[in-house]
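Chain by chain, the residues:
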Amino acid sequence: MSDTDYNFAYLDEQTKRMIRRAILKGVAVPGYQVPFASREMPMPYGWGTGGVQVSAACLTPEDTFKVIDQGADDTTNAVSIRKFFEKTAGVAVTEKTAEATIIQTRHRIPETPLTEDQILVYQVPIPEPLRFLEPRETETRKMHALEEYGLMHVKLYEDISRHGEIATAYAYPVKVEGRYVMDPSPIPKFDNPKLESAALQLFGAGREQRIYAVPPFTKVVSLDFEDHPFDPSKAPHPCALCGAEDTYLDEVITDDAGGRMFVCSDTDFCARRRGEAA
Amino acid sequence: MYVAVKGGERAIDNAHAWLAEERRGDPGVAELSVAQIREQLSLAVNRVMAEGSLYDPDLAALAIKQARGDLIEAVFLIRAYRTTLPRFGASRPVDTGAMSCDRRISATFKDLPGGQVLGPTFDYTHRLLDFALAAEGLAVPEAERGAPAEGPMPHVTGFLAREDLIQPEPEGAETPRDLTREPLDFPADRPLRLQALTRGDEGFVLSMAYSTQRGYGRNHPFVGELRIGTVTVEMDIPELGFSMDVGEVVLTECETVNQFKGSKTEPPQFTRGYGLVFGQTERKAISMALVDRALRWEELGEDDVGAPAQDAEFVLYHSDNVQATGFLEHIKLPHYVDFQSELELIRRLRREAMAATRREAAE
């Protein structure tokens, strides 16, 4: 595939316009899932087709693009998506969070705070936070329309009564600007506080044909109870490589005798800290 | 010291190279040509065209070659290509009544105008492995040829319609919604459901249809008619002001005649299920007709018996194999961030549970 075989950033202009309209609607109604006519992409559903379509609709030739998966730039799927846009859009790419204008992510929010000049694009598998409580789309849309979130609170309450805490560790539901309950995609709940950001955050779910958005400086509250406040927990260790105490850590098994270590999941953040220390 | 694993990029390139080598197989064996696949694996080609929603036997054959015979992967390749094609316009509805039929059978009438035409079917073959086929270079088999059927082959349901015995299907004026250009939305009307079924996974649609036969939303179908053949595709050309034939496609059409004792809203009469699929794909077309009929319970005023095949959301959201396989297989992508958070949660919950047990034991 050479870059002349396809339009800039792969999708044709009509499709991009359709996606941009959905994005604008999403920005206008924060947290609301906007249906859009998702296209088949040349990577499988589940590999980030929603995020890829949103990125394709946002990219301009002047952009600098970064892709992370599980916080890392060098995981196979991140490499694959970065290469895809290098080839089809010819944009500059980077691994440095601060240098990127658009960051596509799966399952993490970068540790480095984002700025107003950046867009964070999330890949979303199941956009509906109520899906596992109610499998029917016609029902869940009604529940959102009526702001009927009792079922979700009952679920969280049942967690507390059974386990003593809310037993959701990732894809922890949030309420956006006091209105819509939203699935922040499967980020660890440690990342939830970063959802209140200076950057524009866009969420794309290709297979489920939904786009939603959190505009800059929007209020995002993780659901909780007064007597059981939200707790963005993480492994109680510092990073074994850079020593950071306040980052999300991957647990790496180092031998077959139970040896393990904890390292930053955000590889760019960790490498930068080590570079500064050296 | 531990160094995080690098080299995703090189791993991908190497994996692709290995894949290409495996695709070719033993270089001592002659390479398959796309034309060979198109001509000799034509039913696989038909399935890929039907579920890929693109009528192009050469591209479907290429996709099968590239996918190493994995038909769902081939469907995916075709879909990903189709999505990049510009849309010039829509054809006129094809006239299946004017189909030049290779096969046309009715299970409801012994004989009928146009006759029963068996065509190239497996139906009455004995499924015995033909070891002679393992030898190559056999003489080209040739079937005896008769004169092409003269005269029209009217639709069987037309005979029933003349007596008002079957529910009429008036022509709708509205242009149906397009599943590939608009997000799926419920309630889904019949044209939309039919679009989803015709591109749906053959195995899924088959099993859904089968479940209705076994009692989960039984609808008593007869194959009123099954026809396979070539139809002309006509398109209005606005610049010319008239319509032109732009090509031919092979289609399989199945109309079922379903027993119906009447409901609160409809009188006793036969009802229909409809299947229309690209290529010679009769298993799929019959399955589609049964599932279509099952999904019509609401408009016919029947009871919802809670059968999976009656549930439009369930059927339509799960019939697409490209979506299904993508989401299913994505769980092999890294999930260590989510898993890590679960790991910490389960350790904490266990610690608390163990402490509680110990406390109880101590008391």
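Numbering of residues starts from 1 in every chain and runs along the sequence as written. Working convention: letters from A go to chains and numbers from 1 go to ligands, in the order in which they are written. Local features are withheld for residues below a pLDDT of 70 in this predicted model, meaning they are given only at 70 or higher, and side-chain atom pairs are given and counted only at 80 or more; totals for whole chains, interfaces and linings count all residues.

Just checking my understanding: could you explain the overall build of chain B for this structure?
Secondary structure elements follow DSSP: runs of H or I no shorter than four residues count as helices, runs of E no shorter than two count as strands, and numbering proceeds from the N terminus. Within chain B, the regular secondary structure consists of twelve helices and four strands. The C-alpha atoms of chain B give a radius of gyration of 26 Å, which is well past the 21 Å a tight globule of 363 residues would have. Counting only C-alpha atoms and orienting by the principal axes, one finds that chain B spans roughly 90 × 65 × 55 Å. Partly exposed residues are those whose C-beta has more than 12 but fewer than 20 other C-beta atoms within 10 Å; with 20 or more the residue is buried, with 12 or fewer it is exposed, and the C-beta atoms are placed from the backbone. The 363 residues of chain B split such that 31% are buried. Here, residues touch in the contact sense if the C-beta positions derived from the backbone fall within 7 Å of one another. Long-range pairs, those at least 24 residues apart, make up 65% of the contacts in chain B with a sequence separation of at least 6. Both definitions apply: the radius of gyration is a C-alpha atom measure, and the globule rule equals 2.2 Å times residues to the power 0.38.

Help me understand the sheet that holds strand S4 (residues 102-106) of chain A in this model?
Each strand in a sheet pairs with its neighbour through backbone hydrogen bonds, running either in the same direction (parallel) or in the opposite one (antiparallel). Residues and elements named next belong to chain A. Strand pairing requires that DSSP identify at least two bridges connecting the strands. Taken in spatial order, the seven strands of this open sheet run S1-S9-S8-S5-S4-S2-S3, and their pairing is mixed. Sheet topology places strand S1 (34-35) and strand S3 (92-93) at the edges, where each strand pairs with a single neighbour. Here strand S2 (residues 64-69) pairs with S3 via two bridges, running parallel. What sits directly across from Thr64, in S3, is Ala92. Angles here are taken between N-to-C directions and fall from 0 to 180 degrees, while the axes themselves are lines fitted to C-alpha atoms, restricted in helices to the stretch in contact. Across the sheet, helix H1 (residues 13-28) touches S1, strand S8 (200-205) and strand S9 (210-214), and the angle it forms with S9 is around 45°. Sitting on the sheet, helix H3 (residues 76-88) touches S2, S3 and S4, and the angle it makes with S2 is about 160°.

Just to check I follow, could you spell out the sheet that holds strand S7 (residues 180-182) of chain A for this structure?
Residues and elements named next belong to chain A. The antiparallel open sheet is built from three strands, whose spatial order is S7-S6-S10. At either margin of the open sheet sits one strand with a lone partner, and together these are S7 and strand S10 (220-222). For this sheet, the mean angle separating the axes of adjacent strands, direction not counted, is 30°. Of the pairings in the sheet, the one linking strand S6 (residues 174-176) to S7 comprises three bridges and is antiparallel in character. Residue pairing across strands places Val174 opposite Met182, the latter belonging to S7.

I would appreciate a short explanation of the environment of B:Ala107 in the present structure.
Residues and elements named next belong to chain B. Assignment of secondary structure puts Ala107 in the loop between strand S1 (100-105) and helix H6 (156-162). Using a count of 15 C-beta atoms within 10 Å as the deciding quantity, one classes Ala107 as partly exposed. Residues Ala107 and Gln167, spaced 60 residues apart in sequence, show a C-alpha to C-alpha distance of 19 Å. Setting aside chain neighbours within four positions, we find Ala107 in contact with Phe222 and Val223.

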